[in-house]
Amino acid sequence: MTGAEGELFLIATPIGNLADITLRALETLRMVDLVAAEDTRTARKLFSRYQIATPLVALHDNTSVRRLEELLKRLQDGERIGVISEAGTPGVSDPGYRLIQLAAAAAIRITPLPGACAAVAALSASALALDAFYFAGFLPVRPGPCRRRLESLQEIEATLIFYESPRRLNRALSLLEEVLGDRPACVARELTKIHEEFLRYPLSHLRVLGAEREWRGEITLLVAGCDLELRNRDPEMMADEEARLQARLADPGFAGERSTRDLVQSLTAEFPLLKRRRIYEIVLSVS
Ligand code: SAM
């Protein structure tokens with residue numbers, strides 16, 4: 001179909017469970033003239049499940065400039081083109097960016113169709129702070145650049161989100177603990193699939209788990225942001241406070257059958273030097 005104006009649609013597709021696709025995404029995939037897909041094989045599976053017959057072309061990071069310019073020309077000629085990645089939101093640690101830039105520079109209308117994104121799905125169930133987050137994507141493979149990258153994230157106060165391969169997860173966990181300290185974290189594995197799993201533990205505990213098991217499947221790793229205020233306090237004094245709090249929690253006469261919320265409330269009043277978030281983490285770690 002050729003209209004007066006071309007349009008580029010960025011269409012989120014499932015990250016595992018094929019039912020995680022919006023009605024609008026399906027309508028748009030059927031309506032566009034062409035779909036540029038990171039992986040045409042995965043796209044065909046989706047298309048066959050939903051009886052979509054739109055022509056497909058490949059679009060990856062190493063797609064030539066000439067190919068990208070052909071796509072741009074088609075947009076300028078009035079065609080509607082959908083972009084999908086292998087999974088999730090196009091452009092998020094995935095191809096799409098160069099075409100988006102070209103289209104924006106040529107004043108082509110760009111319409112996002114929101115849907116699945118592993119980073120956001122993992123964050124929502126991680127039980128880490130949701131008010132601010134920093135998407136760090138994949139860490140560099142080489143140890144030197146990887147360490148430097150982590151050092152650059154040390155003072156970020158937002159929850160950090162990484163994509164990581166199962167083969168490199170143990171190395172990432174060790175390096176994260178070494179560079180950022182033993183922060184609360186979450187391994188979100190196989191989201192939306194049969195073996196979906198959330199492991200919500202401090203980095204040191206995840207590292208121990210990693211030594212005992214073989215990581216498999218797709219993994220998003222989340223780490224609590226830096227608590228600058230806490231870091232600037234005297235570490236010895238804070239450690240003493242935490243030890244006193246742990247002792248209080250170990251007293252059955254105090255903890256008894258009280259709810260987490262109730263415990264956190266009374267401990268916040270009793271230990272004003274400790275942040276409520278930290279108290280909450282300690283209470284959860286012993287319950
Ligand atoms: N564009 C995708 C998105 O919006 O989430 C991300 C693509 S990136 C190439 C693939 C990485 O995302 C995987 O290596 C993994 O770290 C993460 N990921 C993708 N699907 C996932 C899933 N079902 N569960 C956990 N992490 C996932």
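Residues numbered from 1 in each chain as written. Predicted model: local features only at pLDDT ≥ 70, side-chain atom pairs only at ≥ 80, totals over all residues. Heavy atoms only, no water.

Trainee: Residue-level account of the domain arrangement of the protein, with values.
Mentor: In terms of domains, the protein is made up of domain 1 (7–116), domain 2 (119–226) and domain 3 (229–286). Taking the mean C-alpha position of each, domain 1 and domain 3 sit 49 Å from one another. (Domains from an automatic or database assignment.)

Trainee: Before we move on, can you summarise the site of the ligand with the specific residues and values?
Mentor: Near the ligand you find 19 residues, and of these T89, D94, A118, Y163 and I219 are the closest. A118 is positioned with one of its backbone polar atoms (N or O) 2.7 Å from an oxygen atom of the ligand. Within the side chain of T220, an N or O atom sits 2.9 Å from a nitrogen atom of the ligand. Considering the ligand on its own, with 570 Å² of exposed area, one finds that the protein chains cover 90% of that surface. Counting only elements with at least two residues in the shell around the ligand, the list comes to β7 (159–164) and β10 (219–223). The residue inventory of the shell around the ligand, partitioned by class, reads ten nonpolar, four polar and five charged. (Near = heavy atom within 4 Å. Polar contact = N/O pair within 3.5 Å; in protein donor to acceptor, adjacent residues only side chain to side chain. Areas by Shrake-Rupley, 256 points an atom, 1.4 Å probe, with all protein chains shown as cover. Helix = DSSP H or I, 4+ residues; strand = E, 2+ residues; numbered from the N terminus. Nonpolar A, V, L, I, M, F, W, Y, C, P; charged D, E, K, R; others polar.)

Trainee: Can you tell me about the packing of helix α6 (residues 143–153) against helix α7 (residues 169–180), naming the residues and giving the values?
Mentor: Following both chains from N to C, one finds α6 and α7 inclined at 45°, their axes separated by 10 Å at the closest point. Taken together, the axis directions place α6 and α7 in an arrangement best described as oblique. By crossing handedness, the relation of α6 to α7 is classed as right-handed. Seen from α6, the contacting residues are P143, C146, R147, L150, E151 and L153; seen from α7, they are R171, L175, L176, E178, V179 and L180. Here the contact of α6 with α7 is built from residues that sort into eight nonpolar, no polar and four charged. (Axes fitted to C-alpha atoms, helices over the stretch in contact; angles between N-to-C directions. Parallel < 35°, antiparallel > 145°, perpendicular 65-115°, else oblique. Left-handed = near helix turned anticlockwise from the far one by under 90°. Contact = heavy atoms within 4.5 Å.)

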